[in-house]
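Residue-level structural notes
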Number of protein chains: 2
Amino acid sequence: MKYRIGNPFETDAVLQKGRECDKENIEYFQIEETEGFRLSYRMTPQDIIWGLGENQKGMNKRGGVYVSYCTDDPNHTPDKKSLYGAHNFFVVDGEEKFGVFIDYPSKVTFDIGFTHSEFLDITVEGKDFDLYILKGTSLREIVQQFLSLIGESYCPPKWAFGYQQSRWSYMNAEEVEKIVDSFLYYDIPCDAVYLDIDYMEKFKDFTVDDASFPNFEGFVKKIKDKGFRLVPIIDAGVKIEKGYDVYEEGIEKNYFCVDEKGEAFVAAVWPGRVHFPDFLNPEARRWFGLKYKGLIDWGIEGFWNDMNEPAIFYTNKELHKAVEKAKEAQNQNLDIYSYFELRDAFVGLLNNLKDYQDFYHKSEGKLVNHDKLHNLYGYNMTRAAAEAFEEIQPDKRFLMFSRASYIGAHRYGGIWTGDNHSWWEHLLLNVKMMSSLNMCGFLYSGADTGGFGGDVNPQLMIRWMQFSLFTPLFRNHSAMGTRRQEPFAFDEGTLHILRNIIRLRYALIPYIYSEFMRALLNRDVYMAPLAFHYDDERSRRVEDQLLVGDALMITPIYEENAGGRYVWIPEEMLLWKAVDYKNRSYQIYKKGNAYLEADMQETPIFIRKNHIVLLGKHGSSVEELCHDELEAIAFVDSKATYVYYDDDGTTKEYKNRQYKEVLIEIEKIKNDFQITIINKGNDKLKKISFEILDIQGNMTKKIVEVS
Amino acid sequence: MKYRIGNPFETDAVLQKGRECDKENIEYFQIEETEGFRLSYRMTPQDIIWGLGENQKGMNKRGGVYVSYCTDDPNHTPDKKSLYGAHNFFVVDGEEKFGVFIDYPSKVTFDIGFTHSEFLDITVEGKDFDLYILKGTSLREIVQQFLSLIGESYCPPKWAFGYQQSRWSYMNAEEVEKIVDSFLYYDIPCDAVYLDIDYMEKFKDFTVDDASFPNFEGFVKKIKDKGFRLVPIIDAGVKIEKGYDVYEEGIEKNYFCVDEKGEAFVAAVWPGRVHFPDFLNPEARRWFGLKYKGLIDWGIEGFWNDMNEPAIFYTNKELHKAVEKAKEAQNQNLDIYSYFELRDAFVGLLNNLKDYQDFYHKSEGKLVNHDKLHNLYGYNMTRAAAEAFEEIQPDKRFLMFSRASYIGAHRYGGIWTGDNHSWWEHLLLNVKMMSSLNMCGFLYSGADTGGFGGDVNPQLMIRWMQFSLFTPLFRNHSAMGTRRQEPFAFDEGTLHILRNIIRLRYALIPYIYSEFMRALLNRDVYMAPLAFHYDDERSRRVEDQLLVGDALMITPIYEENAGGRYVWIPEEMLLWKAVDYKNRSYQIYKKGNAYLEADMQETPIFIRKNHIVLLGKHGSSVEELCHDELEAIAFVDSKATYVYYDDDGTTKEYKNRQYKEVLIEIEKIKNDFQITIINKGNDKLKKISFEILDIQGNMTKKIVEVS
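Residues numbered from 1 in each chain as written. Chains lettered and ligands numbered in written order. Predicted model: local features only at pLDDT ≥ 70, side-chain atom pairs only at ≥ 80, totals over all residues. Heavy atoms only, no water.

Secondary structure summary: chain A contains 14 helices and 42 strands in total. Computed over its C-alpha atoms, the radius of gyration of chain A comes to 26 Å, within 12% of the 27 Å expected for a compact globule of 707 residues. Reported as C-alpha extents along the three principal axes, the dimensions of chain A are approximately 85 × 65 × 55 Å. Here chain A, with 707 residues, has 67% of them falling under the buried criterion. Put simply, of all contacts in chain A between residues at least 6 apart along the chain, 72% involve residues at least 24 apart. (Helix = DSSP H or I, 4+ residues; strand = E, 2+ residues; numbered from the N terminus. Rg over C-alpha atoms; globule rule 2.2 N^0.38 Å. Buried < 20%, exposed > 50% of the residue type's maximum accessible area, 1.4 Å probe, protein only. Contact = heavy atoms within 4.5 Å.)

The figure often quoted for interface size is the accessible area lost as the parts come together. All names here are of chain A. Along its sequence, chain A is carved into domain 1 (2-150) and domain 2 (525-705). Here domain 1 and domain 2 have C-alpha centroids that lie 34 Å from each other. Of the residues lining the interface, 13 residues belong to domain 1; the matching set on domain 2 comes to 12 residues. Of the roughly 1000 Å² buried at the junction of domain 1 and domain 2 (both faces included), carbon and sulfur atoms supply 59%. Inspection of the domain 1/domain 2 interface yields one salt bridge. One salt bridge in this structure joins Arg-540 and Asp-93, with 2.8 Å as the shortest N-O distance. Of all the secondary-structure elements, those providing two or more residues to the side of domain 1 that touches domain 2 are strand S5 (48-51) and helix H1 (139-150). Residue contributions to the side of domain 1 that touches domain 2 peak at four residues, all from H1. (Domains from an automatic or database assignment. Buried area = accessible area lost by both parts, 1.4 Å probe. Salt bridge = Lys/Arg side-chain N within 4 Å of Asp/Glu carboxyl O.)

To continue, consider the UniProt feature "domain: Glycosyl hydrolase family 31 C-terminal" (unreviewed entry) in chain A. In the numbering used here, UniProt assigns the feature "domain: Glycosyl hydrolase family 31 C-terminal" (unreviewed entry) to residues 526-613 of chain A. The span residues 526-613 of chain A is 5% helical and 44% strand by assignment, and the distance between its end C-alpha atoms comes to 14 Å. (UniProt positions renumbered as here; feature names shortened; annotations may be inferred.)

Another aspect to go through is the packing of helix H2 (residues 173-186) of chain B against helix H3 (residues 216-225) of chain B. Residue and element names in this part refer to chain B. Look at H2 against H3: their axes get within 11 Å of each other, and the N-to-C directions meet at 10 degrees. Classified by the interaxial angle, the pair formed by H2 and H3 is roughly parallel. The residues of H3 that touch H2, namely those facing Ala-173, Val-176, Glu-177 and Val-180, are Phe-219, Lys-222 and Ile-223. Grouping the constituent residues of the contact of H2 with H3 by class yields five nonpolar, no polar and two charged. (Axes fitted to C-alpha atoms, helices over the stretch in contact; angles between N-to-C directions. Parallel < 35°, antiparallel > 145°, perpendicular 65-115°, else oblique. Nonpolar A, V, L, I, M, F, W, Y, C, P; charged D, E, K, R; others polar.)

A word on the relation of the copies chain B and chain A. Superposing chain B onto chain A takes a rotation of 180 degrees plus a shift of 0.0 Å along the axis, which leaves an RMSD of 0.0 Å. When the rotation and shift are considered jointly, the pair of chain copies conforms to a two-fold rotation axis. Mapped onto chain A, 100% of the interface residues of chain B are again interface residues, and the two copies thus contact each other with one and the same surface. (Least-squares fit on C-alpha atoms with pLDDT ≥ 70 in both.)

Bringing the pairing of strand S12 (residues 129-135) of chain A into the picture now. Residues and elements named next belong to chain A. Most of S12 sits inside the fold, with six of its seven residues counted as buried. As judged from the four bridges shared by strand S1 (residues 2-5) and S12, these two strands associate in the antiparallel manner. By the bridge assignment for S12, Tyr-3 is matched with Leu-131. (Pairing = 2+ DSSP bridges.)

With an omega of -5 degrees, the peptide bond between Trp-168 of chain B and Ser-169 of chain B qualifies as cis. Note on placement: Ser-169 of chain B falls in the loop between strand S13 (163-165) and H2. Following Glu-309 of chain B, the chain continues into Pro-310 of chain B via a peptide bond in cis, with omega recorded as -5 degrees. With respect to the secondary-structure elements, Pro-310 of chain B resides in the loop between strand S19 (302-306) and helix H6 (316-329). At Asp-187 of chain A, a residue that is not glycine, the phi angle is positive and equals roughly 60 degrees. One can find Asp-187 of chain A in the loop between helix H2 (173-186) and strand S14 (192-195). Since its relative accessible area comes to 43%, Asp-187 of chain A is described here as partly exposed. Residues other than glycine seldom take positive phi values, yet Lys-202 of chain A does so here, at roughly 45 degrees. Mapped onto the secondary structure, Lys-202 of chain A falls in the loop between S14 and helix H3 (216-225).

As a further point, take helix H11 (residues 458-468) of chain B. Residue pairs spaced three or four apart in an α-helix point in one direction, given the helix's 3.6 residues per turn. The element H11 of chain B is extensively covered by neighbouring structure, given that 11 of its 11 residues are classed as buried. Regarding H11 of chain B, the residues found buried are Pro-458, Gln-459, Leu-460, Met-461, Ile-462, Arg-463, Trp-464, Met-465, Gln-466, Phe-467 and Ser-468 of chain B.

Opposite the 63 residues of chain B that make contact, chain A presents 63 residues. Surface buried jointly by chain B and chain A totals about 5300 Å² across both partners, of which 56% is contributed by carbon and sulfur atoms. In terms of surface lost to chain A, no three residues of chain B exceed Phe-114, Asn-561 and Tyr-566 of chain B, which account for 12% of the buried area on that side. Seen at the junction of chain B and chain A, the total is two salt bridges. The salt bridge partner of Glu-560 of chain A is Lys-57 of chain B, with a shortest N-O separation of 3.0 Å. Linking chain B to chain A there are 32 residue pairs in polar contact (both at pLDDT 80 or more). (Polar contact = N/O pair within 3.5 Å; in protein donor to acceptor, adjacent residues only side chain to side chain.)

With that settled, the discussion passes to the side chain of His-477 of chain B. All names here are of chain B. Assignment of secondary structure puts His-477 in the loop between strand S27 (474-476) and helix H12 (492-507). A distance of 2.8 Å separates the side chain of His-477 from the side chain of Ser-166, its partner in a polar contact. For His-477, the residues in contact, after removing those within four places along its chain, are Ser-166, Arg-167, Trp-168, Asp-196, Trp-304, Asp-448, Thr-449, Gly-451, Phe-452 and Gln-485.

Moving on, we get to the UniProt feature "domain: Glycoside hydrolase family 31 TIM barrel" (unreviewed entry) in chain A. When the UniProt feature table is mapped to this numbering, "domain: Glycoside hydrolase family 31 TIM barrel" (unreviewed entry) covers residues 155-514 of chain A. Between the first and last C-alpha atoms of residues 155-514 of chain A the distance is 12 Å; the span itself is 40% helix and 14% strand.

Moving on, we come to the sheet that holds strand S39 (residues 660-669) of chain B. Residues and elements named next belong to chain B. Ordered in space as S38-S39-S40, the three strands form an open sheet in which the pairing is antiparallel. What marks the edges here is a single partner per strand, and that holds for strand S38 (639-646) and strand S40 (672-680). With strand direction ignored, the average angle separating the axes of adjacent strands in the sheet is 15 degrees. Of the strand pairs in this sheet, S39 and S40 are connected by nine bridges, and their pairing is antiparallel. In the sheet register, Leu-663 faces S40, and the bridge partner there is Ile-678.

Another aspect to go through is the environment of Tyr-360 of chain B. Residues and elements named next belong to chain B. Structurally, the position occupied by Tyr-360 is in strand S20 (residues 360-363). With 100 residues separating them along the chain, Tyr-360 and Glu-260 place their C-alpha atoms 7.3 Å apart. Not counting residues within four places of it along the chain, the set of residues in contact with Tyr-360 comprises Cys-257, Val-258, Asp-259, Glu-260, Leu-367, Val-368, Asn-369 and His-370.

Turning next to the state of the cysteines. Under the defined criterion, the tally for this structure stands at zero disulfides over all chains. We note that Cys-155 of chain A lacks a disulfide partner, and the nearest cysteine sulfur, in Cys-440 of chain A, lies 19 Å from it. (Disulfide = S-S within 2.5 Å.)

All names here are of chain A. Per the counting criterion, the structure on display carries 122 salt bridges over all chains. Asp-419 is paired through a salt bridge with Arg-403; the nearest N and O atoms lie 3.5 Å apart. Taken as a pair, Asp-419 in the loop between strand S24 (414-416) and helix H10 (424-439) and Arg-403 in the loop between strand S22 (399-402) and strand S23 (405-406) lie far apart in primary sequence, 16 residues in all. Taking the relative accessible area as the measure of exposure, Asp-419 reaches 10% and is therefore buried. The buried category is assigned to Arg-403, whose relative accessible area is 1%.

Structure below.
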């Protein structure tokens with residue numbers, strides 16, 4: 001049900017336009033017209049509020065205030081109300097069950113039992129928005145409805161499911177090659193190495209610094225020949241520099257955002273002063289998108305879009321004010337108030353919200369203030385790239401993910417969760433956030449494993465890797481000035497453990513990729529809270545375990561020095577404490593609470609009852625995996641079925657149902673298991689070796705040839 | 001064993017001077033002489049490192065880097081290495097068990113498995129220090145040795161065990177009175193209301209602003225008559241202002257720290273420019289301490305010492321540099337490096353470490369650079385007050401606690417844990433830190449309940465109160481500009497719960513006070529990790545449960561929206577889920593793991609086997625509690641004994657063994673319990689009503705008259 005309030009700007013968040021209802025009949029909420037609108041819902045004590053995508057706090061959002069306003073906050077402590085994305089979808093899950101999406105591209109505030117324990121209050125700071133209310137009988141059904149409404153998620157190439165290594169920055173070709181060679185030397189699988197801002201010439205988009213990366217095209221090829229792809233960053237701001245083509249063309253064609261006088265708006269980011277491309281103007285979007293072609297022509301197959309909230313370090317106006325304050329201060333005995341005012345003038349330059357009111361987009365001939373459309377900016381930068389990729393190489397899947405986003409952006413790229421820290425708290429936040437992101441369509445996602453800011457220690461690196469190995473985007477990234485955190489940057493024992501974890505990821509790719517694609521094609525999620533499949537009160541409240549695809553439950557360890565953790569087992573499950581994926585042993589866990597011991601080298605993986613997991617062998621990269629022989633681990637009480645999905649991994653033929661499925665069924669018949677395999681077109685697969693465990697923990701091994 | 005390296009400055013941390021050993025024979029450590037000294041110990045994987053007092057991270061300090069250098073960090077995220085105190089005592093607890101205290105008043109860095117998983121590396125940035133190594137057979141024994149070494153902890157008056165309400169700031173007499181009246185109106189017990197910096201005239205120590213607090217002496221009396229004490233703050237910095245007596249006298253007598261030219265050193269804090277009293281000079285210490293007398297004469301009986309790291313907002317020198325940078329920037333096109341340099345020049349003014357090298361103390365006629373003695377500053381400010389109290393009213397116990405501290409300061413005052421935030425993470429940090437503080441002698445301690453910075457929500461306030469009710473210092477404090485967090489500042493349901501929690505605290509005072517005093521008199525701790533009494537591997541690793549006194553184990557809930565938590569029960573225990581302390585029901589928990597359900601209004605309290613807890617009734621203040629009739633809850637399998645301690649609560653007569661003890665013994669004899677009570681001088685106590693539970697959960701009630 002869609003309710004239109006006022007005359008909203010078209011965000012393109014929603015694909016199915018749905019039936020419009022009379023806004024006088026909005027259900028569930030008390031509506032109050034203020035300067036904008038205020039929607040109020042009285043929660044029962046049992047209500048859980050799921051969703052809101054990229055945000056702080058728990059899977060259950062009760063207790064917090066969340067402000068949807070894309071923000072580059074490099075220090076996101078628990079009190080921060082805005083992160084990089086704006087994802088206004090949530091589900092009320094109690095006696096009443098319904099989903100809500102507020103399609104409004106500027107500030108929306110959700111006060112979910114923060115001010116008053118029982119009230120969910122939404123403040124929309126404008127009078128023009130679409131409100132969608134989705135009814136259903138379960139959380140999962142409501143989420144699936146929403147995912148259908150907003151359209152199919154972005155699909156990365158299969159190689160992007162490999163491990164990826166990043167740092168701000170590998171400064172030059174030698175350093176990149178040294179990293180690549182270290183992976184080869186230590187025999188650690190890896191698919192991509194990232195180029196952060198320093199690969200560019202003076203931080204100019206679509207340039208490569210000749211001094212540090214001479215003959216870039218040749219270098220890209222050289223690294224590719226070693227089995228690695230390079231993934232460069234693209235920033236939102238375009239450097240103001242005479243003779244720089246992007247700048248010159250943007251000015252000439254009026255493709256930049258403008259100030260109140262209609263002149264290209266000036267802000268400062270990495271390159272110093274920049275203009276911001278007006279991604280909301282379709283022509284500007286196409287123009288900027290096609291700029292990626294230069295790098296693509298040099299062999300690049302993936303990008304990450306950054307600083308596209310857009311982040312602003314300072315504007316001339318605010319810097320001028322601060323400097324004036326400093327000058328005034330010079331010959332005065334500053335009292336403490338004037339001192340803090342002076343200090344704050346400088347501190348407040350970074351991402352000053354006032355700046356967002358000082359520039360404009362062109363939309364259908366009119367100027368629209370940026371602040372009113374703020375949350376669409378990063379989304380449309382990603383769209384610029386994706387639309388251009390479609391034009392440049394229509395059938396190729398490029399890697400693309402962004403920092404800022406809005407609902408709708410999930411169709412054009414993934415997101416990573418921004419500048420986190422090497423804090424245990426941020427590992428836990430990562431765990432909680434993944435399911436919320438999935439509910440908002442962002443399936444291809446992950447955090448900076450090990451933490452971006454601050455120094456990681458060996459055990460945090462290990463525990464974080466043990467979680468990220470399950471996230472579609474599995475990238476290790478860290479900031480300038482912090483401790484190196486490549487898997488070989490620690491002591492020998494740590495290296496050994498990290499190598500095994502990354503190999504485990506590669507071994508699990510048949511399952512991970514298959515489940516990701518299943519979610520994508522069926523408008524479902526890849527990572528879910530237990531509540532998606534278990535509706536008892538305990539399961540619904542578990543905040544630190546996740547279902548990964550259909551068959552697995554994971555219980556990440558996120559506490560320092562912990563030799564294990566408590567787990568809630570919602571039904572009988574099979575535990576595999578993975579150390580080396582080739583040597584496996586299992587334990588049956590009964591429904592209930594348990595303390596699970598897990599040494600530093602052990603990754604606990606639970607297999608659900610009557611489910612099957614497939615794995616292969618590791619290889620040095622995803623493309624090296626041949627998957628002619630797979631292994632299956634099954635925990636079968638009566639019957640388990642699995643549909644193993646695969647495709648070419650590079651084209652969009654999956655959209656035309658050009659993929660291969662293998663149907664596997666295991667049925668318990670007396671004391672034996674009958675295995676049925678129906679192969680729909682997977683020519684590679686020759687053999688599956690089964691380890692089937694029954695409810696008593698007895699193992700049956702079988703090998704089945706696949707024809 | 002004491003090892004003297006070089007020629008250390010006398011810190012007075014240690015009372016028993018101990019036998020000195022040859023420093024060539026230092027056990028356990030590899031020692032390397034660098035610019036200072038580096039001590040290295042190879043840990044086994046099982047070693048737990050306890051201690052380090054006021055610090056981040058877990059009870060087990062492995063995985064972190066900790067820098068002992070008293071720091072005012074108002075934003076203590078998990079990566080911060082220094083907090084307000086410097087407590088260089090830790091215990092290695094593995095196959096080898098020993099305690100280490102490094103008596104050195106400047107920077108000491110502990111890298112405990114951070115850089116390399118197995119190494120504990122200590123860097124002392126100087127060549128003159130005392131190293132103490134304490135051997136023992138258990139953690140508890142080693143801690144007790146250390147507490148004997150450093151001398152008896154500070155003892156507050158009994159009223160300081162009541163609930164205390166603070167805020168930066170209750171701005172004037174009307175506001176203070178309104179707070180007091182609200183407690184009376186809502187019938188919530190409270191013993192003290194705090195006066196933060198705004199009670200002073202222009203932040204000048206020992207002044208009271210006449211406009212906002214006219215007739216202060218009368219006002220103190222008026223509030224006292226209502227049953228509340230006022231507790232004013234005292235800051236380290238003395239405002240530079242002609243005619244202000246403290247300033248004038250300090251200058252005249254050369255009692256301030258000096259710069260390299262020998263002139264009083266200037267820094268800026270709340271009052272703007274200030275001088276720092278040289279608390280290391282005994283004469284200056286006495287002079288400053290006796291200044292408290294003015295407020296004491298007006299009826300004040302407690303103080304908190306703040307900003308005594310000392311915190312520095314800016315110095316003229318660094319401010320001048322920053323302003324010069326701003327001026328240079330004015331007509332330039334700032335590139336991103338020069339921009340961040342400019343910004344950092346202003347950001348970095350606050351607590352700039354360089355400033356600490358720019359001033360000096362006088363010691364035995366010589367100037368000693370502050371940086372070399374930095375960690376003694378706050379300690380000696382507290383000592384100044386305590387020594388003066390001793391002189392002013394030798395037998396009276398004053399409330400005194402400080403922000404900055406060093407080992408030794410525990411004899412002069414308590415500490416609170418500084419400017420935390422309204423984060424669930426800081427509630428958990430509070431839980432973990434309490435036992436470490438106890439091990440370092442800081443028994444009278446607690447955090448800003450509800451969090452100082454940021455906005456608290458109702459459930460965090462409730463859960464934090466449920467923990468703080470067990471900490472000796474139980475104070476609710478919050479910063480200017482944040483949400484009000486007095487117990488009556490939330491919705492009706494929350495008010496009701498908070499009132500019950502505070503009343504529970506008052507009901508438990510017979511136990512809390514008795515156990516606190518027992519710890520103090522026996523060189524033991526009041527709050528301890530489970531490892532103090534249970535040495536199985538699981539118990540040793542529990543980081544989120546505490547033993548409180550001898551009879552209780554608490555399991556605070558520190559997660560948002562949690563309806564319970566997992567607990568480890570190290571032996572059979574009796575659970576009391578306290579809602580209203582008068583209506584009690586119990587459950588037996590067997591040894592093992594359990595998920596404990598606890599609604600928002602429930603405070604779980606575990607009573608150990610063969611132990612007894614005493615409680616009385618609540619009252620509006622501690623002095624109102626008469627304790628003629630007590631109730632005892634006992635969980636008895638064979639025999640339980642308890643020594644109930646009490647004293648006058650106001651004098652130091654406890655030092656002369658002038659206290660009253662009641663020995664209670666309950667012995668199970670067949671199906672009955674035999675109670676023996678030996679009263680050593682408690683005239684008030686007339687009756688104890690027993691609720692005795694046996695191992696099957698059967699309750700026996702008995703009432704015993706006490707003579």
